[in-house]
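# Overview (structure and organization)
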Amino acid sequence: MSRLYRYIIAIIAVCCLCGAVSACHSDPPEAPDDRPGGNPSGGDDDDSDAPTPEQLDFAALAAQADGVVCLTDAAGCDAVWVCPQAIITLETIAGDDATDAYSHCLTVSDLTATHHTHVICRRNGMPAVVRRGAKVLYLNAYSHGVTDIVRVDESNGSVYYDYAADPVHDECSEIGRTDFRALLGYLAQMFGAMGYGMAYDLFATLRPLFEAVATMPDAPPSTTVDAIQSAPAAEGLIAKVRASAGSAVQCSSEQLLIWSCSEPVSVTADKAVLAAMVMCGSAAFNTLGEYAIECDTDIGALEGGRAAYRRSGVQEGVGSEFRVAIEGLRPNTTYYYRAVYAFAGTSHSPLAFVCGSADGVTLGETSIKRFKTPMQ
């Protein structure tokens, strides 16, 4: 096969991947993220250097594979897989098992390692953060049957609170670290279950790609597989993926976000138990500030910081949730609530809120929820 012919195949393969990501959804696509790659805010697109001929050769080889190829030389990763749609890497996140929330990062990249989606997982294997460029999803699957979702666009500072029915969480509550198919299949179903507010989101357009990779079998031994294993460009491509993953993990580990669960834990005529979650990769959030749930019959009182009820919580470790009990409520009354976090002062490095100034002190959830107490 001539070099020119291989280039043509590679270009077609890369275009097909991009098409699957951008054109598979019937709704209009979002505007592309035009920030340069490698930035500290978690940008994932390395457009500063065009694919080399060797990298295009590698893409052409991978496009011919009959399934997933597990590379024997992971080039510093725990594992690397290559298939006709993507390069997939798995890396352990260094840290203290007892205090740090995240244990490993699964990255799905195109065949020239230019565009990356990072799935940062908790220690039980479940996804906690999904990053693609400036677009980030934070997931809390602790509410039974419902996953709370926070969408963040770091390019403009917007934060949207949402939730999705979670049809597969009970079956996937312990996803194995190396079972990338189960993880991507879980996320594909999650993207499909997202509410209408997520319809235009980039992550919904990733669903077909994740589904395709999740259902692809291992490639049988062949000359193509041998060529992929020994391709000279493989090590450089994996290094690009690892650099992007390292930036994404560092960014996620130093950011803090708080939100209340979409439904109360319990409600009686005079008492409500409410839950919320501090999402942060480091247990330092427990020593650098205070977190609480505010509640009132007047939604304006919450927005103005004048809530009648404010109960501080204790979150046992990172990646879990905290609960508070609010008593003395009136029967047959509608109450509003939100979660808040307050740093002890402007100096709270290395942690900072997901959006806002680096020395911001207080973060109040903008998605105010409500419940109604029953009759006596």
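Residues numbered from 1 in each chain as written. Predicted model: local features only at pLDDT ≥ 70, side-chain atom pairs only at ≥ 80, totals over all residues. Heavy atoms only, no water.

It is worth spelling out the environment of Ala 325 at this point. Structurally, Ala 325 is set in strand β15 (residues 322-327). Considering only alpha carbons, one finds Ala 325 and Ser 312, 13 residues apart in sequence, at a separation of 9.8 Å. Aside from chain neighbours lying at most four places away, what touches Ala 325 is Lys 271, Ala 272, Val 273 and Arg 311. (Helix = DSSP H or I, 4+ residues; strand = E, 2+ residues; numbered from the N terminus. Contact = heavy atoms within 4.5 Å.)

With that settled, consider helix α3 (residues 180-193). In this model α3 runs 20 Å from its N-terminal to its C-terminal C-alpha over 14 residues, within 8% of the 20 Å that 1.5 Å per residue would give. Within α3, the full set of buried residues consists of Phe 180, Leu 183, Leu 184, Gly 185, Tyr 186, Leu 187, Ala 188, Met 190 and Phe 191. (Expected span 1.5 Å × (residues − 1). Buried < 20%, exposed > 50% of the residue type's maximum accessible area, 1.4 Å probe, protein only.)

On to the confidence of the model for the protein chain. Residues of the protein chain with pLDDT of at least 70 account for 77%, and the chain-wide mean is 79. For the protein chain, per-element mean pLDDT is lowest for helix α1 (residues 3-22), which scores 41, and highest for strand β11 (residues 266-267), which scores 96. Here residues 1-43 is modelled with pLDDT under 50, and outside its nearest four sequence neighbours on either side it reaches 70 contacts, counting other chains as well. (pLDDT = per-residue confidence, 0-100.)

Below, the discussion takes up the packing of α3 against helix α5 (residues 207-214). Interhelical geometry of α3 versus α5 gives an angle of 150° and a closest axis separation of 8 Å. On the basis of their axis angle, the class for α3 and α5 is roughly antiparallel. Remark: the crossing between α3 and α5 carries left-handed chirality. Here α3 contributes Phe 180, Arg 181, Leu 184, Gly 185, Leu 187, Ala 188, Phe 191 and Gly 192 to the contact with α5, which in turn contributes Arg 207, Phe 210, Glu 211, Val 213 and Ala 214. Each residue belonging to the contact of α3 with α5 can be placed in one class, and the counts come to eight nonpolar, two polar and three charged. (Axes fitted to C-alpha atoms, helices over the stretch in contact; angles between N-to-C directions. Parallel < 35°, antiparallel > 145°, perpendicular 65-115°, else oblique. Left-handed = near helix turned anticlockwise from the far one by under 90°. Nonpolar A, V, L, I, M, F, W, Y, C, P; charged D, E, K, R; others polar.)

For the rest of this paragraph, the subject is the pairing of strand β12 (residues 271-280). Of all ten residues that make up β12, nine are buried, and the element is covered over most of its length. Sheet topology places β11 next to β12; two bridges connect them, and they run antiparallel. In the strand pairing of β12, Val 267 is matched with Ala 272. Linking two consecutive strands that pair antiparallel, namely β11 and β12, is a turn of three residues. (Pairing = 2+ DSSP bridges.)

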